[in-house]
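Examining the three-dimensional arrangement
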Amino acid sequence: MHEDVRAALEQQVGNEFHAAHTYLSMSGYFEKQNLPGFASWMRAQSEEEIEHAMKLFDFLVDRGVAPELPGIAKPHHAFDGPVAAFAEAFAHEQGVTQQIHRLYELSLEHKDYTAQVLLQWFISEQLEEEKLTGGILERLKMVEGSKSALLILDAELGSRQGDEHAH
Ligand code: FEO
């Protein structure tokens, strides 16, 4: 496996853990705001990010690599309301999409066909992730200022069943 592809995949393991960290931090924030539905949605999202990290980790192991893992940056802790938190989550997903696209470009450059198959899964997954977080952000903006509508949305998000979209 080309050194650059390996290093970028290792970095992506860290990026996915950072996403998990970020959503777990947001989950704690929503618990504190008495919005348990948003909190459990964020917790489920955090768990999904750990699965993403492990998928990359396992891929490296399968290719005979002992992954050298990067450090994980401290996530934000305070958010200026639900809209701000979801705006950050959406921006975060857009950033991850860019990271995955750069990784894919690298795998093309080095003709790593095996990595391309894995990364195609991530490319599709990012489409879903952006659609999901962006959709909730738009609905939050719609109900801004209405506590009763926010509580309805909270109940809806609380009914999220584990992982809603395909793995
Ligand atoms: Fe694993 Fe939400 O990107």
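Presented here is an overview of the structure given in this document. Keep in mind that what you see is a predicted model, and the values were worked out from it rather than measured.

Calculation rules
Residues numbered from 1 in each chain as written. Predicted model: local features only at pLDDT ≥ 70, side-chain atom pairs only at ≥ 80, totals over all residues. Heavy atoms only, no water. Helix = DSSP H or I, 4+ residues; strand = E, 2+ residues; numbered from the N terminus. Buried < 20%, exposed > 50% of the residue type's maximum accessible area, 1.4 Å probe, protein only. Contact = heavy atoms within 4.5 Å. Areas by Shrake-Rupley, 256 points an atom, 1.4 Å probe, with all protein chains shown as cover. Lys, Arg positive; Asp, Glu negative; His and termini not counted. Charge placed at Lys NZ, Arg CZ, Asp CG, Glu CD. Axes fitted to C-alpha atoms, helices over the stretch in contact; angles between N-to-C directions. Parallel < 35°, antiparallel > 145°, perpendicular 65-115°, else oblique. Left-handed = near helix turned anticlockwise from the far one by under 90°. Nonpolar A, V, L, I, M, F, W, Y, C, P; charged D, E, K, R; others polar. Phe/Tyr/Trp six-rings, centres within 6.5 Å; stacked < 30°, edge-to-face > 60°.

Quick notes on the overall build of the protein
The helix and strand inventory of the protein stands at 5 helices and 0 strands. Overall, the protein shows an N-to-C arrangement of helices and strands of α-α-α-α-α. Expressed as lengths along the three principal axes of its C-alpha atoms, the size of the protein is roughly 55 × 25 × 25 Å. For the protein, buried positions account for 45% of its 167 residues. If you take every contact in the protein between residues at least 6 apart in sequence, the share linking residues at least 24 apart comes to 81%. Accessible area for the protein stands at about 8,800 Å²; split by element, carbon and sulfur atoms hold 55% of it. Side chains of the protein carry 13 positive and 28 negative charges; the gap between the two charge centres is 3 Å.

Digging into the packing of helix α2 (residues 36-62) against helix α3 (residues 82-109)
Direction vectors running N to C along α2 and α3 enclose 15°, while the axes themselves pass 13 Å from each other. By the angle between their axes, α2 is roughly parallel relative to α3. The two elements α2 and α3 meet at a crossing, and its hand is left-handed. In this structure, α2 uses Phe-38, Trp-41, Met-42, Gln-45 and Glu-49 to contact α3, whose residues at the interface are Phe-86, Ala-89 and Glu-93. Of the residues in the contact of α2 with α3, the class split is 5 nonpolar, 1 polar and 2 charged.

Examining the packing of aromatic side chains
The description of an aromatic ring pair uses the distance of the two centres, along with the angle that the planes make with each other. The full count for this structure, using the stated rule, is 7 aromatic pairs. An angle of 65° between the planes, with centres 5.3 Å apart, marks the rings of Tyr-29 and Phe-30 as edge-to-face. Phe-30 shares its class with Tyr-29; the two are buried. Pairing Phe-38 with Phe-86 gives two aromatic rings, centres 5.9 Å apart and planes at 70°, and the pair type is edge-to-face.

Considering the side chain of Ser-107
As for its placement among the helices and strands, Ser-107 is situated in helix α3. Contact partners of Ser-107, with chain neighbours within four places excluded, come to Val-5, Asp-112, Ala-115, Gln-116 and Leu-119.

Nothing here speaks to function; it is all geometry.
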